[in-house]
Amino acid sequence: MEQKLFDLIYASVLAKEHTYDGIYYTCVRTTRIFCRPSCRARTPYPQNVRFVNSPEEAMKLGFRPCKRCKPEEAGELGPDEIMAAKADHLIEQGLSRPVTLNILAGQLAVSPFHLQKVYKRVKGYSPAEYLQSVRMKEAKKLLAQDGPTVAMISRAVGFRSPSHFTVWFKREAGCSPRDYRELYMEGDRV
Ligand SMILES: [Zn+2]
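Since this is a predicted model, take the numbers as computed values, not measurements.

Novice: In this structure, what is going on with the overall build of the protein chain? I would like to understand it.
Specialist: Within the protein chain, the secondary structure is distributed over 9 helices and 4 strands. The N-to-C order of helical and strand elements in the protein chain reads α-β-β-β-α-β-α-α-α-α-α-α-α. Here the protein chain has a C-alpha radius of gyration of 21 Å; the compact-globule value for 190 residues is 16 Å, and the former is much larger. In terms of principal-axis extent, the alpha carbons of the protein chain reach across some 65 × 30 × 25 Å. Burial analysis of the protein chain (190 residues in total) assigns 41% to the buried set.

Novice: Which parts of the structure should I look at to understand the coordination of the zinc ion?
Specialist: Between any two of four tetrahedral donors, the ideal angle at the metal is 109.5 degrees; between two of six octahedral donors, it is 90 or 180 degrees. Only C35 (SG), C39 (SG), C66 (SG) and C69 (SG) from the protein reach the zinc ion as donors, at distances of 2.2 to 2.4 Å. Given 4 donor atoms and angles of 104 to 121° at the metal, the environment of the zinc ion is assigned as tetrahedral. We note that the donor set of the zinc ion lies within a single chain, spaced as C-x3-C-x26-C-x2-C. Of the two residues, C35 sits in strand β2 (residues 33-35) while C66 sits in the loop between β4 (64-65) and α3 (79-93), which places them 31 residues apart along the sequence. For C35, a relative accessible area of 3% puts it in the buried group. We classify C66 as buried; its relative accessible area is 2%.

Novice: It is not clear to me how unusual backbone geometry should be interpreted in this structure. Could you clarify?
Specialist: For residues other than glycine, phi is negative in most cases, and the peptide bonds are mostly trans. Even without glycine at this site, R32 takes up a positive phi of about 60°. Position of R32 among the secondary structure elements: in the loop between β1 (25-28) and β2. One non-glycine residue, A109, lies in the positive phi region at around 60°. Mapped onto the fold, A109 is located in the loop between α4 (101-108) and α5 (112-123).

Novice: Even after reading the chapter, I still don't get the packing of aromatic side chains, so can you show me in this structure?
Specialist: Two numbers describe a pair of aromatic rings. These are the distance of the centres and the angle of the planes. Evaluated as defined, the whole model comprises 13 aromatic pairs. On the basis of an interplanar angle of 40° and a centroid distance of 5.0 Å, the ring pair of F159 and W168 is categorised as tilted. Assessed through its relative accessible area of 15%, F159 is described here as buried. Put simply, the rings of F159, F165, W168, F169, Y180 and Y184 touch in pairs and so form one group of aromatic residues. Seen from the ring of F63, R32 lies directly overhead, with NZ or CZ sitting 4.2 Å from the centre.

Novice: Would you mind showing me how to read the sheet that holds β4 here?
Specialist: The strands making up a sheet are joined through hydrogen bonds of the backbone, oriented either antiparallel or parallel. Taken together, the 4 strands give an open sheet; going across it, the order is β3-β1-β2-β4, and neighbouring strands pair in mixed fashion. The open sheet has two edge strands, β3 (49-52) and β4, and neither has a second partner. The strands touched by helix α1 (residues 3-15) are β1 and β3; relative to β3, the strand with the most contacts, the crossing angle is about 105°.

Novice: Got a minute to help me understand α4 in this structure?
Specialist: Helical geometry note: an α-helix holds 3.6 residues per turn, so side chains three or four residues apart project in the same direction. Among the residues of α4, L104, A105 and L108 are the ones counted as buried. Relative to the axis of α4, the buried residues are bounded by an arc of 95° and lie together on one face. Buried residues in α4 make contact with α3, α5 and α6 (127-143).

Novice: In this structure, what is going on with α3? I would like to understand it.
Specialist: Taking 1.5 Å of rise per residue, the 15 residues of α3 would be expected to cover 21 Å, and the 21 Å separating its terminal C-alpha atoms lies within 8% of that figure. All of the buried residues in α3 are I82, M83, A84, K86, A87, D88 and I91. Buried residues along α3 sit in contact with α4, α5 and α6.

Novice: Looking at this model, I keep getting lost on the pairing of β1. Mind explaining?
Specialist: Look at any regular strand and the pattern is simple: side chains alternate between the two faces of the sheet. Here β1 shows a buried face lined by Y25 and C27 and a second buried face lined by T26 and V28. Where β1 meets β3, 4 bridges bridge the pair, whose relative direction is antiparallel. By the bridge assignment for β3, T26 is matched with F51. Sheet topology note: the β1/β2 ladder contains 3 bridges and is antiparallel.

Rules of the game
Residues numbered from 1 in each chain as written. Predicted model: local features only at pLDDT ≥ 70, side-chain atom pairs only at ≥ 80, totals over all residues. Heavy atoms only, no water. Helix = DSSP H or I, 4+ residues; strand = E, 2+ residues; numbered from the N terminus. Rg over C-alpha atoms; globule rule 2.2 N^0.38 Å. Buried < 20%, exposed > 50% of the residue type's maximum accessible area, 1.4 Å probe, protein only. Donors = N, O, S within 2.8 Å, 3.2 Å for Na, K, Ca; no water. Tetrahedral: all angles 85-135°; square planar, octahedral: opposite > 155°, others 65-115°. Phe/Tyr/Trp six-rings, centres within 6.5 Å; stacked < 30°, edge-to-face > 60°. Lys NZ or Arg CZ within 6 Å of the ring centre and 35° of its normal. Pairing = 2+ DSSP bridges. Contact = heavy atoms within 4.5 Å. Axes fitted to C-alpha atoms, helices over the stretch in contact; angles between N-to-C directions. Arc of directions from axis to C-beta. Expected span 1.5 Å × (residues − 1).

Encoded structure:
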């Protein structure tokens, strides 16, 4: 495992965050126990840690599941579903920042190819398609409000310039942002 990737996952162990739960498992060499990265029971030293991709792999290497975080119980969602759900979450939370497959994959500590393949299998559409639909939903929601200008909305949904936003909106929605707002306001009054 690359040091950069290790550091990324280990940071989530220190912070006890759920970012990599279901994607990686923390094997602790000193105790021969493996955990979810977010486990609250223990914070192992990095030199004692090895991350693996599945509970099966950990058990094959001779590690026993932690009784506290029960890493062998996947719950309702399998690892692929968990990864897809996390990608969705990152897309929804990061809407005003540039989001690409590479960025998402980096945040999830997997390869872009793997993320694209797994996500599409789970969801039936690609992360890029989901991003477009979330952007459009948010843009329409903001256009339906009186306050935000088109420039503010274009920034809020991740476009660098209002003109790019307008071209995209026209192509996807069939009318300009201003027309959409007018139509919506008229419809609202009736
Ligand atoms: Zn644990």
